[in-house]
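Overview (structure and organization)
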Amino acid sequence: MAGVELQGKVAIVTGASSGIGLAAARLLHARGMRVALVARTADRLEALAKELGEGAAAFACDVSDLSRLPGLVDQVIARFGGLDVVVNNAGLHHRGDFLRHSPQAFADMFTVNTVAPVVLTRIAADFMRAGGCIVNVASLAGKLGVPGSAVYSGTKAGLRFWAIAAAEDLARRGLRIANVNPGPVDTGFFDGDIEHVSNLTFSQPMSTAEQCAEAVLACIEGQESPMEIDVPRASGKLATLGYLSPGISRALRPLLERRGAKAKAITSNSAPTKASS
């Protein structure tokens, strides 16, 4: 929404009840946007809408139920009178060895992480006002596959590359698209499952949900399409280097895994981790 005042603009934020989605919803609302808070848990959304006050509304919806997405967009437009921004943030991650989970669990991951954002964007594009923006919360795991997160890496890579390819189509409607690619984030996404989080994940600096929300805002206010912001940028450069130079990636992996194992051990022995990647 380059050069456009955000005051009064309307944003849908999925996965808004916690983590990056919660931080993004708060930040966009603070910047004067009207925010449609979307997640599965109605009680938490209603509490957040009450906290934010005027200009925020709760819409309980499980994005994996694709049949509900047209109705979601209709309800948001009926409530706020238009639509300018979609933040595709809702995510699902079953960690560990590829073979420890059921085929259905992997299908669910692709539905939430890849299919739902594509479908929601397609529906919303017919109603979004020119100058609007779609922001996907992807992952650095979508830039360089992470062992122990094979399917998650695949879902986020698919989301990233779809957005890059879709930019021209959306531009014909006056819309932009962007990806925010976080590394590990202190959000609660690891709770109760730290043993299956890879050492490679812990080798990278931990970001905050608020830092990721600032990246979402930067995408909305930016001019490029497609646009990508890695969080943190240094980890993004490392992921790009590993993708372009597999030999370097293989050489660095033992060092990074040792560093990550130390960080993981410290985290495991301290307070319960709250993180995502």
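Described in the following lines is the structure provided in the data block. (Residues numbered from 1 in each chain as written. Predicted model: local features only at pLDDT ≥ 70, side-chain atom pairs only at ≥ 80, totals over all residues. Heavy atoms only, no water.)

1. Some words on the packing of helix H1 (residues 19–30) against helix H2 (residues 42–52)
At a closest axis distance of 11 Å, the pairing of H1 and H2 adopts a crossing angle of 25 degrees. It follows that H1 is roughly parallel to H2 by the angle criterion. For the pair H1 and H2, the sense of crossing is right-handed. Mapping the contact onto sequence places Leu22, Ala25, Arg26 and His29 in H1 and Leu48, Glu51 and Leu52 in H2. (Axes fitted to C-alpha atoms, helices over the stretch in contact; angles between N-to-C directions. Helix = DSSP H or I, 4+ residues; strand = E, 2+ residues; numbered from the N terminus. Parallel < 35°, antiparallel > 145°, perpendicular 65-115°, else oblique. Left-handed = near helix turned anticlockwise from the far one by under 90°. Contact = heavy atoms within 4.5 Å.)

2. Here's the deal with the pairing of strand S1 (residues 10–14)
Among the five residues that make up S1, five are buried, leaving the element largely enclosed by the rest of the structure. Every second residue of S1 is oriented toward a common face, with Val10, Ile12 and Thr14 on one face and Ala11 and Val13 on the other, all of them buried. Pairing analysis gives five bridges linking S1 to strand S2 (residues 34–39), with the strands arranged parallel. Across the sheet, the residue bridging to Ile12 is Ala36, located in S2. Note that S1 and strand S4 (residues 85–88) share three bridges and pair parallel. By the bridge assignment for S4, Ile12 is matched with Val86. (Buried < 20%, exposed > 50% of the residue type's maximum accessible area, 1.4 Å probe, protein only. Pairing = 2+ DSSP bridges.)

3. Details of the pattern of salt bridges
Per the stated rule, a full pass over the model turns up eight salt bridges. When the shortest N-O distance is used, the salt bridge between Asp126 and Arg122 registers 3.0 Å. Look at Arg122 and you get partly exposed, because its relative accessible area is 48%. Its salt-bridge partner being Asp169, residue Arg172 comes within 2.6 Å of it at the nearest N-O pair. Owing to a relative accessible area of 46%, Asp169 belongs among the partly exposed residues under this scheme. If you follow the salt bridges from partner to partner, you end up with Arg122, Asp126 and Arg173 in one network. (Salt bridge = Lys/Arg side-chain N within 4 Å of Asp/Glu carboxyl O.)

4. Describing a nonpolar patch on the surface
Taken together, Phe161, Ile164, Tyr243 and Leu244 make up a surface patch of nonpolar side chains, about 440 Å² in accessible area. Contributing elements (two or more residues each) for the nonpolar patch: helix H5 (150–171) and helix H8 (233–244). On the secondary structure map, Tyr243 appears in helix H8. (Patch = residues over 30% accessible without salt bridge, like charges linked within 9 Å, V, L, I, M, F, W, Y side chains within 5 Å. Areas by Shrake-Rupley, 256 points an atom, 1.4 Å probe, with all protein chains shown as cover.)

5. Focus: the sheet that holds S1
On the basis of which strands lie adjacent, the open sheet formed by seven strands has the order S3-S2-S1-S4-S5-S6-S9 and parallel pairing. Looking along the sheet, the strands with just one partner apiece sit at the ends: strand S3 (56–60) and strand S9 (227–231). When the angles between neighbouring strand axes are averaged without regard to direction, this sheet yields 15 degrees. The sheet contacts of H1 involve S1, S2, S3, S4, strand S5 (133–137) and strand S6 (176–182), and relative to S1 the element is tilted by about 165 degrees.

6. What to know about unusual backbone geometry
Residues Ser225 and Pro226 are joined by a peptide bond in cis, for which omega reads 0 degrees. Within the fold, Pro226 resides in the loop between helix H7 (209–221) and S9. With an omega of -5 degrees, the peptide bond running from Val231 to Pro232 counts as cis. Mapped onto the elements of the fold, Pro232 is located in the loop between S9 and H8.

7. Section: the nonpolar core
Residues Leu28 and Leu37 are the most contacted members of the largest nonpolar core, which totals 39 residues. Residue contributions to this core peak at eight residues, all from H7. Counting 30 residues, the second-largest nonpolar core is a separate cluster that includes Ala57, Leu69, Ala90 and Ala163. (Core = buried A, V, L, I, M, F, W, Y, C linked by side-chain atoms within 4.5 Å.)

8. Digging into the packing of aromatic side chains
Taken as a whole, this structure holds one aromatic pair when the rule is applied. For the pair Phe98 and Phe106, a centre-to-centre distance of 5.0 Å together with 5 degrees between the ring planes defines the contact as stacked. By relative accessible area, which is 45% here, Phe98 ends up partly exposed. The side chain of Arg160 reaches across the aromatic face of Phe161, ending 5.1 Å from its centre. (Phe/Tyr/Trp six-rings, centres within 6.5 Å; stacked < 30°, edge-to-face > 60°. Lys NZ or Arg CZ within 6 Å of the ring centre and 35° of its normal.)

9. Remarks on helix H4 (residues 103–125)
With 23 residues, H4 should cover 33 Å at 1.5 Å per step; its first-to-last C-alpha distance of 32 Å lies within 8% of that length. Of all the bends in H4, the greatest, near 40 degrees, is centred on Val115, and the proline Pro117 appears no more than four residues after it. (Expected span 1.5 Å × (residues − 1). Bend = angle between axes of the 7 residues up to and from the residue.)

10. Structural notes on H7
For H7, built from 13 residues, the straight-helix expectation of 18 Å at 1.5 Å per residue is met to within 8% by its first-to-last C-alpha distance of 19 Å. Those residues of H7 lying buried are Ala209, Cys212, Ala213, Ala215, Val216, Leu217, Cys219 and Ile220.

11. Some remarks on the environment of Gly242
By the element assignment, Gly242 lies in helix H8. Gly242 sits in the buried class, given a relative accessible area of 7%. Distance in space between the C-alpha atoms of Gly242 and Arg253 is 9.6 Å, their sequence separation being 11 residues. If near-sequence neighbours (up to four positions away) are discounted, Gly242 is found in contact with Leu144 and Ser249.

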